[in-house]
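# Descriptive structure summary
The chain contents come next:
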Amino acid sequence: MVVDIWVVFLPPPVIWKLKMTPKKKWAITASFAVGLRTAGVNLDRLIQTLKCPSHQDLSYCAMDSSILVIAEIAGGILVACVPTFRPLFFSNDNTSRWANRDHRA
């Protein structure tokens, strides 16, 4: 858990010193924010698992934790796919596709 948070907070200061457009810097920072949210879901899942007493029905008690497992996996897949999202938001001339409404894909 500590390593996950460390990996998320380590690169952004370096990214903001690079010579890139602010739009690209924000996009990279947003991808790290999704990773941070995934780490937060991981922490919430751990807390839900630890709150489950051993003398209760485990299947009922682990329901909230199992829902968070699915959210954690989905967040991890989303973070892993972020590098492939660039064509959705930027065209070849580095302008945003969403800002230009006359653009036909």
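Right above here is the structure, for reference.
I will try to describe carefully the structure that is included in this document.

The rules behind the values
All residue numbers refer to position in the chain's written sequence, counted from 1. In keeping with the predicted nature of the model, local features appear solely for residues at pLDDT of at least 70, side-chain atom pairs appear and are counted solely at 80 or more, and the whole-chain, interface and lining totals rest on all residues. Side-chain measures were taken over the full set of non-hydrogen atoms in the model, leaving aside hydrogen atoms and water. Going along the chain from the N terminus, every DSSP run of H or I of four or more residues is numbered as a helix, and every run of E of two or more is numbered as a strand. Each residue is assigned to one of three classes by its accessible area relative to the maximum for its type, calculated with a 1.4 Å probe on protein chains only: buried under 20%, partly exposed between the two thresholds, exposed over 50%. In what follows, a contact means two residues having at least one pair of non-hydrogen atoms within 4.5 Å. Note that accessible areas follow from Shrake-Rupley with a 1.4 Å probe, and for residues the cover is restricted to the protein chains shown. Only centres within 6.5 Å qualify two rings of Phe, Tyr or Trp (six-membered ring in Trp) as a pair; their planes then separate them into stacked at under 30 degrees, edge-to-face at over 60, and tilted for everything else. We define a polar contact as two N or O atoms separated by no more than 3.5 Å, with the added condition that, inside protein, one atom must be a possible hydrogen donor and the other a possible acceptor, whereas residues neighbouring each other in sequence contribute only through side-chain atom pairs. An expected span of 1.5 Å times one less than the residue number is assigned to each helix. Regarding the arc, it is the one traced by the directions from the helix axis to the C-beta atoms. The patches described consist of residues with a relative accessible area above 30% and no salt bridge, like charges being joined within 9 Å and nonpolar side chains (Val, Leu, Ile, Met, Phe, Trp, Tyr) within 5 Å. Think of a salt bridge as a Lys or Arg side-chain nitrogen and an Asp or Glu carboxyl oxygen that are within 4 Å of each other.

### Considering the overall build of the protein
Scanning the protein from N- to C-terminus turns up six helices and zero strands. Moving toward the C terminus, one meets the helices and strands of the protein in the order α-α-α-α-α-α. Within the span of the protein, comprising 105 residues, buried residues form 20% of the whole. Once local pairs closer than 6 in sequence are excluded, the contacts in the protein between residues at least 24 apart make up 49%. With an accessible surface of roughly 8,200 Å², the protein has 68% of that area assigned to carbon and sulfur atoms.

### As for the packing of aromatic side chains
Within this structure, the stated rule accounts for one aromatic pair. On the basis of an interplanar angle of 80° and a centroid distance of 5.0 Å, the ring pair of Trp16 and Trp26 is categorised as edge-to-face. Of this pair, Trp16 sits in the loop between helix H2 (12-15) and helix H3 (22-51) while Trp26 sits in helix H3, and the two are ten residues apart along the sequence. Judged by its relative accessible area of 56%, Trp26 is exposed.

### Here we look at the side chain of Ser31
With respect to the helices, strands and loops of the structure, Ser31 is situated in helix H3. Engagement of the side chain of Ser31 in a polar contact is seen with the backbone oxygen of Ile28, the distance being 2.6 Å.

### Comments concerning helix H5 (residues 63-81)
Between its terminal C-alpha atoms H5 stretches 28 Å, which fits the 27 Å expected from 19 residues at 1.5 Å a residue. For H5, the complete set of buried residues consists of Ser65, Leu68, Glu72 and Gly75. The buried residues of H5 occupy an angular sector of 75° when projected down its axis, which confines them to one face. Among the exposed residues of H5, those oriented more than 90 degrees off its buried face are Ile67, Ile70, Ile77 and Ala80. The secondary structure elements touched by the buried residues of H5 are H3.

### Notes on a nonpolar patch on the surface
On the surface, Met1, Ile5, Phe9, Leu36, Leu43, Leu46, Ile47 and Leu50 cluster together into a nonpolar patch covering about 700 Å² of accessible area. Among the elements that make up the nonpolar patch, the one with the highest residue count is H3 (five residues). Inspection of the secondary structure puts Leu36 in helix H3.

Purely geometric numbers; function is a separate question.
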